[in-house]
2 protein chains.
Amino acid sequence: MSETELPLQDDDTEADVAQLDEDDRLKPEFVRAVLDAVYAGDAEGARALVEPLHPADIADLFELTPHEDRADLAKAITDLLDADVFAEMNDYVREDLIDALEPHEIADIAAELDTDDAVAIIEDMDVEDQREVLRALDPDDRAAIEEALSYPEESAGRLMQRELIAVPEHWSVGDTLDYLRLHEELTTDFWEIYVVDPGHKPVGTCKLSWILRTPRNIAISDVMQREQTLIPVDMDQEEVALRFQKYALISAAVVDLSGRLVGMITVDDVVHIIQQEAGEDILRLSGAGEGDINEPILLTVRTRITWLVVNLGTAILAASVVGLFQGEIGRFALLAVLMPIVSGMGGNAGTQTLAVVVRALATNQLTESNTIRMIVREFRIAAANGAMLGVLIGCGTWLIFGNPALALVIALAMIINNLVAGLAGVLVPVTLDRLDVDPAVSSAVFVTTMTDVMGFFSFLGLATLWGLGS
Amino acid sequence: MSETELPLQDDDTEADVAQLDEDDRLKPEFVRAVLDAVYAGDAEGARALVEPLHPADIADLFELTPHEDRADLAKAITDLLDADVFAEMNDYVREDLIDALEPHEIADIAAELDTDDAVAIIEDMDVEDQREVLRALDPDDRAAIEEALSYPEESAGRLMQRELIAVPEHWSVGDTLDYLRLHEELTTDFWEIYVVDPGHKPVGTCKLSWILRTPRNIAISDVMQREQTLIPVDMDQEEVALRFQKYALISAAVVDLSGRLVGMITVDDVVHIIQQEAGEDILRLSGAGEGDINEPILLTVRTRITWLVVNLGTAILAASVVGLFQGEIGRFALLAVLMPIVSGMGGNAGTQTLAVVVRALATNQLTESNTIRMIVREFRIAAANGAMLGVLIGCGTWLIFGNPALALVIALAMIINNLVAGLAGVLVPVTLDRLDVDPAVSSAVFVTTMTDVMGFFSFLGLATLWGLGS
């Protein structure tokens with residue numbers, strides 16, 4: 001370690017200290033030191049630096065390394081690149097690395113992983129490469145992964161691991177303990193065990209803490225909880241995440257269409273999805289697609305330009321409304337100066353409402369039961385804010401330009417556009433949601449088009465009615 | 001149950017079926033049936049409907065009930081209102097209910113809860129009421145809650161529960177099992193146990209599955225994992241959530257400043273925070289504050305109007321740029337028609353970049369190590385998108401208005417403003433982050449001000465240079 005910084009948290013292990021900053025991120029000096037060793041061909045030195053890192057930090061190291069240097073880094077520290085590191089890595093960065101590895105090397109890594117992590121690595125590969133990796137796996141692993149791949153993307157079937165502990169209902173706590181102690185091959189990665197009937201359908205769930213606190217002779221069916229949240233294998237991962245959150249689950253049994261236990265999802269896999277799904281809304285609302293900073297740049301350009309071109313269309317629509325009033329503007333150019341204030345403020349108010357509604361829909365807080373209440377609420381907020389902004393801009397306009405008619409027109413237009421913004425901000429996402437369209441993706445275009453068009457139209461239209469540009 | 005709908009998932013327990021829709025939300029008909037019973041004074045009927053619900057769904061029921069009816073609902077189903085329901089409830093809705101309850105009733109509820117949930121209920125009360133509730137608690141609970149309240153809001157100290165299992169290093173697995181079985185008063189809500197030294201400092205963590213799979217005579221210190229993530233008691237909850245996510249933790253030990261074990265945080269508490277923090281960005285970026293739909297309306301109005309007034313200031317600034325060119329606009333009103341296209345498209349492109357950068361900063365993906373790379377990346381994207389949009393709008397303008405000079409001016413302005421948007425979209429949030437200002441809160445104002453001002457200035461300025469309005 002080249003740094004001699006003071007340790008920031010004396011409870012961290014010594015190895016962590018000089019690599020991570022106070023926010024638990026890799027220090028730029030550390031990343032540079034590793035890369036310098038790689039560039040200098042000093043694989044030994046790079047390995048020595050990276051070795052003490054947690055797998056999650058090794059994954060971060062790859063993300064912080066420029067695209068073109070990742071293969072070199074991987075070659076220098078191959079023996080540290082284990083399954084855990086791959087499981088923690090960003091999808092695009094992982095693809096980069098996988099391209100640089102031979103299929104048999106990938107098969108070695110995949111064989112070490114739980115099904116869910118192995119699937120995450122393999123699902124993004126070319127069909128050709130996939131087949132080659134699957135061939136290199138042993139038959140049990142292959143069958144498990146092939147089955148997982150048969151479920152739709154982003155479904156519970158992809159997310160689940162098949163390694164779990166299931167015991168029959170007639171067992172005692174002692175039977176269960178003996179079974180766990182005697183079978184070396186069982187997974188150690190479980191927090192609850194499932195109790196199943198002879199048809200392998202789950203009948204109850206048992207927290208490990210309950211087993212630990214119960215005498216050996218008690219029947220497992222007297223310890224287990226019968227009410228359990230079962231996840232159908234085809235459930236969408238966002239829905240899975242909402243269930244985990246709502247019912248504070250640590251793990252949940254996954255069942256196939258006939259109700260048989262086929263896998264288990266644990267909360268650590270779901271935490272990642274919750275984070276991702278909640279973050280996705282922000283990116284979708286702004287038209288930034290997935291918004292992954294490791295995405296190939298061409299893909300990013302394509303996603304964003306699509307959204308921009310759609311917005312260009314709506315901007316032209318709004319501009320054509322202004323075009324209707326060219327005569328008035330030519331005679332009274334001040335209208336052109338003030339009109340962006342009305343449209344822009346409507347856009348801001350609409351975006352506020354939209355953000356709130358999109359979040360409330362995504363978290364199941366806004367349902368049919370309270371939609372009317374929400375609309376009324378947003379209307380009242382819009383009326384209050386519109387009135388305040390109208391008075392403010394009206395007084396300002398009067399003071400600066402000494403034109404009471406213009407002041408009244410801009411005040412009224414501001415109120416009207418705020419109401420439009422408030423209503424559109426609720427009605428557009430709620431309607432899209434009812435039509436099963438993701439409100440985060442498409443609401444913003446509709447709402448800002450409405451606030452632009454109505455902002456220009458109300459201001460310039462009222463001004464024309466008042467004879468301001470004549 | 002008055003509904004006779006078909007069960008949607010046959011693996012759900014029967015009671016769940018008619019109350020929940022396919023997305024696991026309470027059905028509006030069910031909510032109405034409960035409220036009708038409440039309005040009719042039929043407490044018995046309301047209780048019968050609500051009784052089969054999961055605590056999380058009872059909490060949802062209160063959220064879906066109009067503000068003014070919540071106290072009546074609470075009175076009708078008082079005996080179903082247990083600690084679990086309160087733990088699941090939205091903060092504002094909980095405050096509503098707490099206002100309706102007597103301090104001794106709240107104390108009864110708080111006494112049943114783990115420290116973290118009890119603190120969540122008590123922390124928002126008036127100091128007066130707090131004191132009354134604390135007095136009604138038994139001394140142990142009171143001391144625990146008072147200590148938790150002494151930590152800063154949104155810190156690990158507020159989030160942790162004090163109920164945990166800690167064992168000395170010299171114990172065997174058998175000693176641990178016996179201890180857990182013989183001590184009825186211990187918590188059952190744990191997934192890992194902590195091994196502590198004589199000074200009560202944690203030296204290792206042991207998953208319950210390891211204990212279950214190990215013979216009784218093995219020393220606990222041979223089973224435990226020595227590397228562990230310790231959470232300092234004053235760590236911010238967002239930071240705690242990032243650690244849980246990064247290291248896929250199920251629970252983590254919380255230590256005080258001297259390194260002693262004082263509590264434990266479990267992942268189910270953190271899941272909620274991850275969701276909330278990720279969702280907060282979207283709301284802050286749009287100036288909607290917390291964006292909680294259960295927030296009192298006056299608070300919402302105040303939060304939003306503050307943001308709108310700040311934006312009004314920047315809109316006036318942008319308008320004053322247009323004001324510089326009133327003469328040109330008066331002579332050539334088409335400039336006023338086209339100018340919002342340039343400013344608006346810059347705003348859209350800036351928002352895209354901003355959303356990506358704010359997310360990347362919040363998830364620790366964008367650090368000092370890759371900031372330069374990110375700036376270059378966004379500059380390239382902005383150049384590509386600006387060029388495409390410029391060509392598109394330029395050709396369109398030429399075709400429609402037959403004015404090649406105007407077409408060239410708008411194309412150039414579009415390119416310039418896209419570059420401004422791309423650079424501002426990265427530089428503003430990164431700079432704010434370095435200054436320890438939350439980039440989600442304040443970036444959007446700066447970025448859209450820049451794109452508005454530069455959009456108007458580049459378009460009208462170039463038009464003036466070209467002599468278009470003379």
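Source: prediction; values computed, not measured.

Q: How would you explain the overall build of chain A if you had to name every residue and give the values?
A: Helices and strands together make up the secondary structure of chain A, namely 23 helices and six strands. Computed over the C-alpha atoms, the radius of gyration of chain A is 30 Å, more than 25% above the 23 Å expected from 2.2 N^0.38 for a compact globule of 470 residues. For chain A, the C-alpha atoms occupy an extent of roughly 95 × 60 × 50 Å along the three principal directions. Expressed as a percentage of the 470 residues in chain A, the buried residues total 59%. Put simply, of all contacts in chain A between residues at least 6 apart along the chain, 64% involve residues at least 24 apart. Looking at chain A as shown, the accessible area adds up to about 19,000 Å², and 55% of this sits on carbon and sulfur atoms. Charge centroids of chain A, computed over 30 positive and 81 negative side chains, lie 8 Å from each other.

Q: Describe the sheet that holds strand 2 (residues 192-196) of chain B, naming the residues involved and giving the relevant values.
A: Residues and elements named next belong to chain B. Taken together, three strands build an open sheet; the order of strands is 1-2-3 and the sheet is mixed. The open sheet is flanked by strand 1 (166-168) and strand 3 (202-207), the only strands paired with a single partner. Taken pair by pair, the neighbouring strands of this sheet meet at an average axis angle of 30°, ignoring direction. Of the strand pairs in this sheet, strand 2 and strand 3 are connected by five bridges, and their pairing is antiparallel.

Q: An account of the packing of helix 16 (residues 237-246) of chain B against helix 17 (residues 267-285) of chain B is requested, with residue identities and associated values reported.
A: Residue and element names in this part refer to chain B. Close contact between helix 16 and helix 17 brings their axes to 9 Å; oriented N to C, the two are set at 110°. Considered as vectors, helix 16 and helix 17 are oriented roughly perpendicular to each other. Here the hand of the crossing between helix 16 and helix 17 comes out left-handed. Across the interface between the two elements, Gln237, Glu238, Val240, Ala241 and Phe244 of helix 16 pack against Val267, Val270, Ile273, Ile274 and Glu277 of helix 17. Here the residues of the contact of helix 16 with helix 17 are counted per class, giving seven nonpolar, one polar and two charged.

Q: Lay out the relation of the copies chain B and chain A in plain terms, naming residues and giving numbers.
A: The two copies are related by a screw operation: chain B maps onto chain A through 180° of rotation and 0.0 Å of translation along the axis, at an RMSD of 0.0 Å. What the superposition gives is, in effect, a two-fold axis relating one chain to the other. The residues that chain B uses at the interface reappear at the interface of chain A in 99% of cases, marking a shared surface.

Q: Tell me about the domain arrangement of chain A, residues and numbers included.
A: Annotation of chain A at the domain level lists domain 1 (14-153), domain 2 (166-266) and domain 3 (297-465). Computed from C-alpha atoms alone, the centre-to-centre distance between domain 1 of chain A and domain 2 of chain A is 31 Å.

Q: Describe the packing of helix 21 (residues 371-401) of chain A against helix 18 (residues 297-323) of chain B, naming the residues involved and giving the relevant values.
A: Two measures define how a pair of helices packs: the angle their axes make with one another and the distance between the axes. Where helix 21 of chain A meets helix 18 of chain B, the closest approach of the two axes is 10 Å, and the angle between their N-to-C directions is 40°. The angle between the axes of helix 21 of chain A and helix 18 of chain B places the two elements in the oblique class. For the element pair helix 21 of chain A and helix 18 of chain B, the recorded crossing hand is right-handed. Contacts from A:Arg377, A:Glu378, A:Arg380, A:Ile381, A:Ala384, A:Asn385, A:Met388, A:Leu389, A:Leu392 and A:Ile393 in helix 21 of chain A reach B:Ile297, B:Thr300, B:Val301, B:Arg304, B:Ile305, B:Leu308, B:Val309, B:Leu312 and B:Ile316 in helix 18 of chain B. Residue classes in the contact of helix 21 of chain A with helix 18 of chain B are distributed as 13 nonpolar, two polar and four charged.

Q: Tell me about the side chain of B:Asp269, and please be specific about residues and values.
A: Here B:Asp269 lies in helix 17. For B:Asp269, the residues in contact, after removing those within four places along its chain, are B:Asp116 and B:Leu159.

Q: Provide a residue-level description of helix 4 (residues 55-64) of chain B, including the pertinent values.
A: When you tally the buried positions in helix 4 of chain B, you get eight out of 10 residues, the bulk of the element. Within helix 4 of chain B, burial applies to B:Ala56, B:Asp57, B:Ile58, B:Ala59, B:Leu61, B:Phe62, B:Glu63 and B:Leu64.

Q: A description of the pairing of strand 6 (residues 261-266) of chain B should follow, citing residues and the corresponding values.
A: All names here are of chain B. Among the six residues of strand 6, six are classified as buried, and the element is accordingly described as predominantly covered. Pairing of strand 5 (residues 251-255) with strand 6 involves five bridges; the strand directions are antiparallel. By the bridge assignment for strand 6, Ser251 is matched with Thr266. The hairpin formed by strand 5 and strand 6 contains five residues between the paired strands, and Gly259 there has a positive phi angle of roughly 85°.

Q: Mind laying out the environment of A:Glu112, listing which residues take part and the relevant values?
A: With respect to the helices, strands and loops of the structure, A:Glu112 is situated in helix 8 (residues 103-112). Along the sequence, A:Glu112 and A:Ala83 sit 29 residues apart, while their C-alpha atoms lie 6.3 Å from each other.

Q: Tell me about the interface of chain B and chain A, residues and numbers included.
A: At the junction of the two partners, chain B supplies 137 residues and chain A supplies 136 residues. In total, about 11,800 Å² of surface goes out of reach between chain B and chain A, with carbon and sulfur atoms giving 63% of it. Together, B:Leu212, B:Arg213 and B:Ile293 form the three largest contributors to the area buried by chain B at its contact with chain A, with a combined 8%. For the interface between chain B and chain A, the tally reads 12 salt bridges.

Q: So what about the side chain of B:Glu239? Which residues, and what values?
A: Considering the arrangement of structural elements, one finds B:Glu239 in helix 16. For B:Glu239, a relative accessible area of 15% translates into the label buried. Filtering out sequence-adjacent residues up to four positions away, B:Glu239 remains in contact with A:Asp23 and A:Asp24.

Procedures and definitions
- Residues numbered from 1 in each chain as written.
- Chains lettered and ligands numbered in written order.
- Predicted model: local features only at pLDDT ≥ 70, side-chain atom pairs only at ≥ 80, totals over all residues.
- Heavy atoms only, no water.
- Helix = DSSP H or I, 4+ residues; strand = E, 2+ residues; numbered from the N terminus.
- Rg over C-alpha atoms; globule rule 2.2 N^0.38 Å.
- Buried < 20%, exposed > 50% of the residue type's maximum accessible area, 1.4 Å probe, protein only.
- Contact = heavy atoms within 4.5 Å.
- Areas by Shrake-Rupley, 256 points an atom, 1.4 Å probe, with all protein chains shown as cover.
- Lys, Arg positive; Asp, Glu negative; His and termini not counted.
- Charge placed at Lys NZ, Arg CZ, Asp CG, Glu CD.
- Pairing = 2+ DSSP bridges.
- Axes fitted to C-alpha atoms, helices over the stretch in contact; angles between N-to-C directions.
- Parallel < 35°, antiparallel > 145°, perpendicular 65-115°, else oblique.
- Left-handed = near helix turned anticlockwise from the far one by under 90°.
- Nonpolar A, V, L, I, M, F, W, Y, C, P; charged D, E, K, R; others polar.
- Least-squares fit on C-alpha atoms with pLDDT ≥ 70 in both.
- Domains from an automatic or database assignment.
- Buried area = accessible area lost by both parts, 1.4 Å probe.
- Salt bridge = Lys/Arg side-chain N within 4 Å of Asp/Glu carboxyl O.

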